[in-house]
Protein chains: 2
Amino acid sequence: MKDLLPVINYISRYVDLTDDEKNHLTSFLKITKVKKRQFIVQPGFVCKHKSYVVKGAFRGYLVDNNGKEHTLSFAIEDWWISDYSSLIYQEPATLFVEALEDSVLIQIEYEDEQQFLKEIPKLEKFERIITQRSLAFHQKRLLSNLTKTAEERYDEFMSKYSAIAQRVPQYALASYLGFSTEYLSKIRNGKTSKS
Amino acid sequence: MKDLLPVINYISRYVDLTDDEKNHLTSFLKITKVKKRQFIVQPGFVCKHKSYVVKGAFRGYLVDNNGKEHTLSFAIEDWWISDYSSLIYQEPATLFVEALEDSVLIQIEYEDEQQFLKEIPKLEKFERIITQRSLAFHQKRLLSNLTKTAEERYDEFMSKYSAIAQRVPQYALASYLGFSTEYLSKIRNGKTSKS
DNA sequence: CTTATTTCCTAAACCAGTTCATTTTTATTT
DNA sequence: AAATAAAAATGAACTGGTTTAGGAAATAAG
């Protein structure tokens, strides 16, 4: 299936797969199309797959006791998204994962992945490496939240991920960076800068 | 070496190792003793090992441009610590990792680990699993910082990690939870509670 | 056991970012 | 194209947490 190639190519950046391995792996992948505003993960339901974004944009977020939304992650083309905690422990999710645009995904089911990790040990290495990188990323983000002001975090995000910033609603960006939409508005319109 | 058994036992919680594998692995482990206030990682130097705490307590922290300290992680007995980002990318560290007490460590060198990951593929699975769990932990912490007040984060930490709270200085705990020591003092002495 | 250093506490002034309330703009639907 | 809903802007009042500055305890060192 040509449509499933992007995931094979993604994995091939980290480990070398034989043609047989590629074919075997491909048999487990599924293409899914979702419409804007549709959820692929919802609180209370166990997250059954990880999703690679072929086309579109997604947002993973938590709704707190006061009804406020807090964005944990975004994903656009060539990124993965899921409720990671729900997926690895196979526990009910706490996050919503919602399509911000009409999108196309390639999905891997949890059980299938457990199976081919046994069959193709090379994929353990792939999993280890991308998980390590994701962990390093999250540690940096934690430190960034601890050390930087709202405006500094905004500037940092804009310089690193302007492609994402341009595609997601402003309230989603604010809730990712950890402040209110009103404050983001102020930052954007220069009410806080010193010249 | 009997002293190195704790790490073998730790790994054996996640994967089954043969006696040969255990022996081979043991040959790469090194015991290190460090005194209180000693650093095992410093900014500017590439982090060359991950450390398992046999005895003692550690703290990993960043010093920002204003000289303020921000704690990323603690480690007591049966935990691991390092500058993870520096370790996996073999880049200069940004963190200090400092002993809070006289301590004993079992260390694994970066190159040695790369080698035995090739020799014993089972260890890839071990690495994957603990990295996944650490990632899930950091995601939860990130969400906790986004959704909860200082006092709620304090209460949460005390109920989950009172063993750590009792052993680390208060300024270290405050800087982990993301607020000032003065505010921690207020929380502890009930100046903020509603009755 | 005495001195120095590090850690912890207290309180008032302050500020980065929130909340609330309303308006304007931009998308989406009919 | 009009109607409706969703997203962004604006400003004034407010608050959770910081800063500054000091003193009191506790630890470590001579």
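By the naming in an unreviewed UniProt entry, chain A is Cyclic nucleotide-binding domain-containing protein, taken from Flavobacterium limi.

### Brief notes about the protein's contact with DNA strand D
Every one of the 17 residues lining DNA strand D counts as a neighbour, but Gln 170 and Ser 185 of chain A together with Lys 36, Ser 180 and Glu 182 of chain B are closest to it. Backbone atoms, meaning sugar and phosphate, form 74% of the atoms of DNA strand D found within 4 Å of the protein. Between DNA strand D and Gln 170 of chain A, the relevant distance is 2.5 Å, taken from a phosphate oxygen to a side-chain nitrogen or oxygen of the residue. At a separation of 2.8 Å, a phosphate oxygen of DNA strand D approaches a polar side-chain atom of Ser 180 of chain B. Contributing elements (two or more residues each) for the surface near DNA strand D: α7 (170–177) and α8 (181–188) of chain A together with α8 (181–188) of chain B. With 3 residues, α8 of chain B is the single largest residue contributor to the surface near DNA strand D. Of the residues contributing to the surface near DNA strand D, the split by class is 5 nonpolar, 5 polar and 7 charged.

### Side note on the sheet that holds strand β7 (residues 96–99) of chain A
Backbone hydrogen bonds hold the strands of a sheet together, and the pairing may be parallel or antiparallel. With respect to topology, 4 strands assemble into an open sheet ordered β2-β7-β4-β5 (chain A), the strand pairing being antiparallel. Both outer strands of the open sheet, β2 (39–41) and β5 (69–75) of chain A, are each paired with one neighbouring strand and no more. Ignoring strand direction, the axes of neighbouring strands in this sheet form an average angle of 30 degrees. For strand β4 (residues 58–63) of chain A and β7 of chain A, the ladder comprises 4 bridges, and the chain directions are antiparallel. Note on β7 of chain A: the bridge partner recorded for Phe 58 of chain A is Ala 99 of chain A. Sheet contacts for helix α5 (residues 122–147) of chain B: β4 and β5 of chain A; angle to β5 of chain A, the most-contacted strand, approximately 140 degrees.

### Comments concerning the pattern of salt bridges
For the structure shown, the criterion picks out 24 salt bridges over all chains. Asp 102 of chain A is the partner of Lys 35 of chain A in a salt bridge, and the nearest nitrogen-oxygen pair spans 3.9 Å. Of the two residues, Lys 35 of chain A is situated in the loop between β1 (30–34) and β2 and Asp 102 of chain A in the loop between β7 and β8 (103–109); the sequence distance between them amounts to 67 residues. By relative accessible area, Lys 35 of chain A is classed as exposed at 55%. Judged by its relative accessible area of 45%, Asp 102 of chain A is partly exposed. Lys 30 of chain B serves as the salt-bridge partner of Glu 109 of chain B, at 3.8 Å between the closest nitrogen and oxygen. Placement of the pair is Glu 109 of chain B in strand β8 (residues 103–109) and Lys 30 of chain B in strand β1 (residues 30–34), with a sequence separation of 79 residues. What makes Glu 109 of chain B partly exposed here is its relative accessible area of 24%. Judged by its relative accessible area of 43%, Lys 30 of chain B is partly exposed. Salt bridges sharing partners connect three or more residues here, namely Lys 50, Glu 113 and Glu 127 of chain A.

### Considerations on the protein's contact with DNA strand C
Around DNA strand C, the structure places 18 residues, and the nearest of them are Lys 36, Ser 180 and Lys 186 of chain A together with Gln 170 and Tyr 171 of chain B. The sugar and phosphate moieties of DNA strand C supply 74% of its atoms located within 4 Å of the protein. At 3.0 Å from a phosphate oxygen of DNA strand C is found a main-chain nitrogen or oxygen belonging to Ala 150 of chain A. In the model, a phosphate oxygen of DNA strand C is placed 3.0 Å from a nitrogen or oxygen of the Tyr 183 of chain A side chain. Examining the composition of the surface near DNA strand C, we find that 3 residues originate from one element, α8 of chain A, more than from any other. Residue composition of the surface near DNA strand C, by class: 5 nonpolar, 5 polar and 8 charged.

### Observations regarding the interface of chain A and chain B
With 33 residues of chain A in contact, the opposing surface of chain B contributes 33 residues. Looking at the side of chain A facing chain B, the largest losses of area belong to Arg 128, Leu 142 and Leu 146 of chain A, adding up to 19% of the total buried there. Applying the counting rule to chain A against chain B returns 2 salt bridges. When the shortest N-O distance is used, the salt bridge between Glu 124 of chain B and Arg 128 of chain A registers 2.4 Å. Our enumeration of links across chain A and chain B arrives at 8 residue pairs in polar contact (both at pLDDT 80 or more). Looking at the side of chain A that touches chain B, the elements that each hand over two or more residues are β5, α3 (84–89), α5 (122–147) and α7 of chain A. Top contributing element to the side of chain A that touches chain B by residue count: α5 of chain A, with 19 residues. Counted by class, the side of chain A that touches chain B contains 13 nonpolar, 12 polar and 8 charged residues.

Calculation rules
- Residues numbered from 1 in each chain as written.
- Chains lettered and ligands numbered in written order.
- Predicted model: local features only at pLDDT ≥ 70, side-chain atom pairs only at ≥ 80, totals over all residues.
- Heavy atoms only, no water.
- Near = heavy atom within 4 Å.
- Polar contact = N/O pair within 3.5 Å; in protein donor to acceptor, adjacent residues only side chain to side chain.
- Helix = DSSP H or I, 4+ residues; strand = E, 2+ residues; numbered from the N terminus.
- Nonpolar A, V, L, I, M, F, W, Y, C, P; charged D, E, K, R; others polar.
- Pairing = 2+ DSSP bridges.
- Axes fitted to C-alpha atoms, helices over the stretch in contact; angles between N-to-C directions.
- Contact = heavy atoms within 4.5 Å.
- Salt bridge = Lys/Arg side-chain N within 4 Å of Asp/Glu carboxyl O.
- Buried < 20%, exposed > 50% of the residue type's maximum accessible area, 1.4 Å probe, protein only.
- Buried area = accessible area lost by both parts, 1.4 Å probe.

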